[in-house]
Amino acid sequence: MIQVRAAIHTYSRAKAPNRQIFFNTNHLNEEAQRYYQALSAAESGQLTKARNVLRELLQSSNHQLLTFFSAAQIELADNQAEQAKQLLQRALNLFPGNILLIELKAETQRDA
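Report on the accompanying structure. Predicted, not measured: the structure shown is a model, and the values here were computed from it.

Observations concerning the pattern of salt bridges
Next, step 1: Summed over all chains, the structure comprises 4 salt bridges.
Next, step 2: The partner of Glu75 in a salt bridge is Arg51, and the shortest N-O contact between them spans 2.8 Å. With a gap of 24 residues between them, Glu75 in helix α4 (residues 65-77) and Arg51 in helix α3 (residues 47-59) connect regions that are remote in the sequence. The burial state of Glu75 is the same as that of Arg51; both residues are buried.

A look at helix α2 (residues 30-43)
Next, step 1: Relative to the 20 Å expected for 14 residues at 1.5 Å per residue, α2 spans 20 Å between its end C-alpha atoms, a close match to the ideal helical length.
Next, step 2: When we look at burial in α2, the residues that qualify are Glu31, Ala32, Tyr35, Tyr36, Ala38, Leu39, Ser40 and Ala41.
Next, step 3: N-cap assignment for α2: the residue whose side-chain oxygen lies 3.1 Å from the backbone N of Glu31 is Asn29.
Next, step 4: Of the residues flanking the end of α2, it is Gly45, one or two places downstream, whose phi is positive at about 85°.

Regarding the environment of Leu94
Next, step 1: Considering the arrangement of structural elements, one finds Leu94 in helix α5 (residues 81-94).
Next, step 2: Counting along the chain gives 31 residues from Leu94 to His63, while the straight-line C-alpha distance between them is 8.5 Å.
Next, step 3: Apart from residues lying up to four places away in sequence, Leu94 is in contact with His63 and Phe68.

Notes on the environment of Ala106
Next, step 1: Relative to the helices and strands, Ala106 resides in helix α6 (residues 99-111).
Next, step 2: In the structure, Ala106 is positioned 21 residues away from Lys85 in sequence and 8.8 Å away in space, judged by C-alpha atoms.

Things to note about the packing of α2 against α4
Next, step 1: Here α2 crosses α4 at 20°, and the two axes come no closer than 11 Å. When the interaxial angle is binned, α2 and α4 end up roughly parallel. In this structure, the crossing between α2 and α4 has a hand that is left-handed. Between α2 and α4, the contacting residues are Tyr35, Leu39 and Ala42 on the first element and Leu66, Thr67, Ser70 and Ile74 on the second.
Next, step 2: When its residues are assigned to classes, the contact of α2 with α4 shows 5 nonpolar, 2 polar and no charged.

Comments concerning a nonpolar patch on the surface
Next, step 1: On the surface, a cluster of nonpolar side chains totalling about 260 Å² of accessible area is made up of Ile99, Leu100 and Ile102.
Next, step 2: Following the sequence through the fold, Ile102 ends up in helix α6.

Here's the deal with unusual backbone geometry
Next, step 1: Phi is positive for Asn79, close to 55°, though the residue is something other than glycine.
Next, step 2: Its location among the elements puts Asn79 in the loop between α4 and α5.
Next, step 3: The class of Asn79 is exposed, set by a relative accessible area of 70%.

Definitions and limits used
Throughout, a residue's number is its position along its own chain's written sequence, starting from 1. Given that this is a predicted model, residues contribute local features only at a pLDDT of at least 70 and side-chain atom pairs are listed and counted only at 80 or more, while totals for whole chains, interfaces and linings are drawn from all residues. Hydrogens and waters are ignored; side-chain quantities use all the structure's heavy atoms. What makes a salt bridge here is a side-chain nitrogen of Lys or Arg within 4 Å of a carboxyl oxygen of Asp or Glu, nothing more. Under the scheme used here, helices are H or I runs from DSSP no shorter than 4 residues and strands are E runs no shorter than 2 residues, and both carry numbers assigned from the N terminus. Here the term buried applies to any residue with accessible area under 20% of the maximum for its type, exposed to any over 50%, and partly exposed to those in between, with areas from a 1.4 Å probe on protein chains only. Here, expected helix span is obtained from the residue count minus one, scaled by 1.5 Å. We call two N or O atoms a polar contact when they sit within 3.5 Å, provided that within protein one can donate a hydrogen and the other can accept it, with sequence-adjacent residues counted only if both atoms are side-chain atoms. In this description, contact between two residues means that some pair of their heavy atoms is separated by no more than 4.5 Å. Angular values range over 0 to 180 degrees, each being the angle between N-to-C directions of two axes fitted as lines to C-alpha atoms, with helices fitted over their stretch in contact. What sets the label is the angle itself: under 35 degrees gives roughly parallel, over 145 gives roughly antiparallel, 65 to 115 gives roughly perpendicular, and the rest give oblique. Less than a right angle of anticlockwise turn of the near helix away from the far helix marks a crossing as left-handed, whereas a clockwise turn marks it as right-handed. Each residue gets one label: Ala, Val, Leu, Ile, Met, Phe, Trp, Tyr, Cys and Pro are nonpolar, Asp, Glu, Lys and Arg are charged, and the others, such as Gly, are polar. The patches reported here contain residues having more than 30% relative accessible area and no salt bridge. Joining distances are 9 Å for like charges and 5 Å for nonpolar side chains (Val, Leu, Ile, Met, Phe, Trp, Tyr). The protein chains shown are the only cover counted for residues, whose accessible areas, like all others here, come from Shrake-Rupley with a 1.4 Å probe.

Next up, the structure:
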């Protein structure tokens, strides 16, 4: 999951117009591949698709901190601060004291 996030972050910083994200996902497990699909969709402005994929991942029993974090970021990008806050509260119940989650939750309160 971290490799996926790093790849998306690297390509999002590229200055090339109409850039395409090329990342070999063959070595990733199914969950990481779905996470990549969600982040790629978000990066290209397809927030509904990204939200749906992340929602599916969050419904699985294997909760990942980055999945919650990314889902909340997408909600914030779509001006959905209340949904982001709810996601972050769920995440903080699973990962209490996580500074990334706490900081992002503070952003939801600023944006509300």
